[in-house]
Amino acid sequence: MRLLKIFIFAALIAIVGAQNTAFAEMPEISAGEMYFDVFKGCYVLRGNVSVGVNNHGFKANVTADAAQVSVIKQKCWAEGNVKLTQENITFSCDRAYLQWQTKTAEVTGSVKFANKKSVAITSDTAVFNWQDKIVDFYGNITLNAGKKVALGDGVTIDGKEYQHVQYNVEEDKILALDKIFDAPEVTIPDSTE
């Protein structure tokens, strides 16, 4: 029994220490139901989930039906009516996976992206690199681009349906449009990995 108490105390010390050093700021977490799973080392959230992230200048808010947030691994898994909002952009999808260390968000299932300025994109999956501010959309894409959107060198809009679109969020610029593209498989890993 004494060994179990020591283990739990050591785990709590490690978690508190990780919370203070892993993020520029500790994420703001709220939900209808929330608890901390000591064995997984993550918060388990259900119902009206909201996770506010401030990771070295990248500020975003994730809302979902359910999520798990690992402060130690610096990751968030969200599912069910997921919405990722950051400044003037919005992603909505079925599932999302955010990694603070790699500064990426992978989104899958009924992906809808909107830049309030000029672009709306739907796709099967997408990967957003928030350090570079570049999003790659994959599979069954519908692109609605306004007249103000910039185009990269050699890029021309030819219809609305594509298999790959690369978009620079900060510059409001389409970098690549591919009608035929061998897309990488974007899958959300299990939160136990």
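Residues numbered from 1 in each chain as written. Predicted model: local features only at pLDDT ≥ 70, side-chain atom pairs only at ≥ 80, totals over all residues. Heavy atoms only, no water.

### What to know about the overall build of the protein chain
Helix and strand counts for the protein chain stand at one helix and 12 strands. Helices and strands in the protein chain line up, N terminus first, as α-β-β-β-β-β-β-β-β-β-β-β-β. For the protein chain, with 193 residues in total, the buried portion stands at 45%. In the protein chain, once contacts between residues fewer than 6 apart in sequence are set aside, the share between residues at least 24 apart is 40%. (Helix = DSSP H or I, 4+ residues; strand = E, 2+ residues; numbered from the N terminus. Buried < 20%, exposed > 50% of the residue type's maximum accessible area, 1.4 Å probe, protein only. Contact = heavy atoms within 4.5 Å.)

### Focus: the side chain of Asp-37
Examined against the element boundaries, Asp-37 turns out to sit in strand β2 (residues 33-37). No salt bridge is formed by the buried Asp-37. Its closest oppositely charged neighbour is Lys-40, at 4.7 Å. Sequence-distant contacts of Asp-37, defined by excluding residues within four places in its chain, comprise Cys-42 and Val-44. (Lys, Arg positive; Asp, Glu negative; His and termini not counted. Salt bridge = Lys/Arg side-chain N within 4 Å of Asp/Glu carboxyl O.)

### Some words on the confidence of the model for the protein chain
On average, residues of the protein chain score 85 in pLDDT, and 85% of them are at 70 or above. Within the protein chain, helix α1 (residues 2-21) has the poorest average pLDDT of any element, 41, and strand β11 (residues 161-168) the best, 97. Per-residue pLDDT stays below 50 along residues 1-24; that stretch engages in 18 contacts with residues further than four places along the chain or on separate chains. (pLDDT = per-residue confidence, 0-100.)

### Comments concerning unusual backbone geometry
Look at Asn-48: it is not a glycine, yet its phi comes out positive at around 50 degrees. Looking at the element boundaries, Asn-48 is found in strand β3 (residues 42-55).

### Some thoughts on the pairing of strand β4 (residues 58-70)
Summarising the sheet, β3 and β4 pair through 11 bridges and their orientation is antiparallel. Residue pairing for β4: Val-53 is matched across the bridge by Ala-60. Inspection of the sheet shows β4 paired to strand β5 (residues 75-86) by eight bridges, in the antiparallel sense. Paired with Thr-63 across the two strands is Lys-83, which belongs to β5. From the end of β4 to the start of β5, which pair antiparallel, there are four residues, and Gln-74 there has a positive phi angle of about 60 degrees. (Pairing = 2+ DSSP bridges.)

### Overview of the side chain of Thr-104
If you trace the backbone, Thr-104 turns up in strand β7 (residues 104-115). Among the residues examined, Thr-104 registers a relative accessible area of 11% and is labelled buried. Within the structure, the side chain of Thr-104 is placed 2.8 Å from the side chain of Thr-102, a separation counted as a polar contact. If sequence neighbours within four positions are ignored, Thr-104 has contacts with Tyr-97, Leu-98, Gln-99, Phe-128, Asn-129 and Trp-130. (Polar contact = N/O pair within 3.5 Å; in protein donor to acceptor, adjacent residues only side chain to side chain.)

### Brief notes about the pairing of β5
Bridge count for β5 against strand β6 (residues 89-99) is 10 bridges, and the pairing is antiparallel. Looking at β6, one finds that Ala-78 is bridged to Ala-96. Connecting the antiparallel pair β5 and β6 is a turn made up of two residues, with Glu-87 showing a positive phi of about 50 degrees.

### Thoughts on the state of the cysteines
For the structure on display, the rule yields zero disulfides. Not engaged in a disulfide, the cysteine Cys-42 finds its nearest cysteine sulfur in Cys-76; these two sulfurs lie 10.0 Å apart. (Disulfide = S-S within 2.5 Å.)

### A look at the environment of Thr-90
With respect to the helices, strands and loops of the structure, Thr-90 is situated in strand β6. On a C-alpha basis, the gap between Thr-90 and Lys-116 in space is 8.4 Å, while along the polypeptide they are 26 residues apart.

### Remarks on the packing of aromatic side chains
Evaluation of the coordinates by the stated rule reveals eight aromatic pairs. Between the aromatic rings of Phe-91 and Phe-113, the centroid separation amounts to 5.0 Å while the plane-to-plane angle is 55 degrees, which identifies the pairing as tilted. You can see Phe-91 sitting in strand β6 and its partner Phe-113 sitting in strand β7, a full 22 residues away along the chain. Of the residues examined, Phe-91 reaches a relative accessible area of 2% and is grouped as buried. Judged by its relative accessible area of 2%, Phe-113 falls in the buried class. Ring geometry for Phe-113 versus Tyr-167: centroids 5.7 Å apart, planes at 65 degrees, classification edge-to-face. Note that Phe-113 is positioned in strand β7 and Tyr-167 in strand β11, a separation of 54 residues in sequence. Look at Tyr-167 and you get buried, because its relative accessible area is 0%. Through a chain of ring-to-ring contacts, the aromatic side chains of Phe-91, Phe-113, Phe-128, Phe-137 and Tyr-167 assemble into a single cluster. For Lys-179, the ring lying beneath its charged end belongs to Tyr-162, and the centroid distance is 4.8 Å. (Phe/Tyr/Trp six-rings, centres within 6.5 Å; stacked < 30°, edge-to-face > 60°. Lys NZ or Arg CZ within 6 Å of the ring centre and 35° of its normal.)

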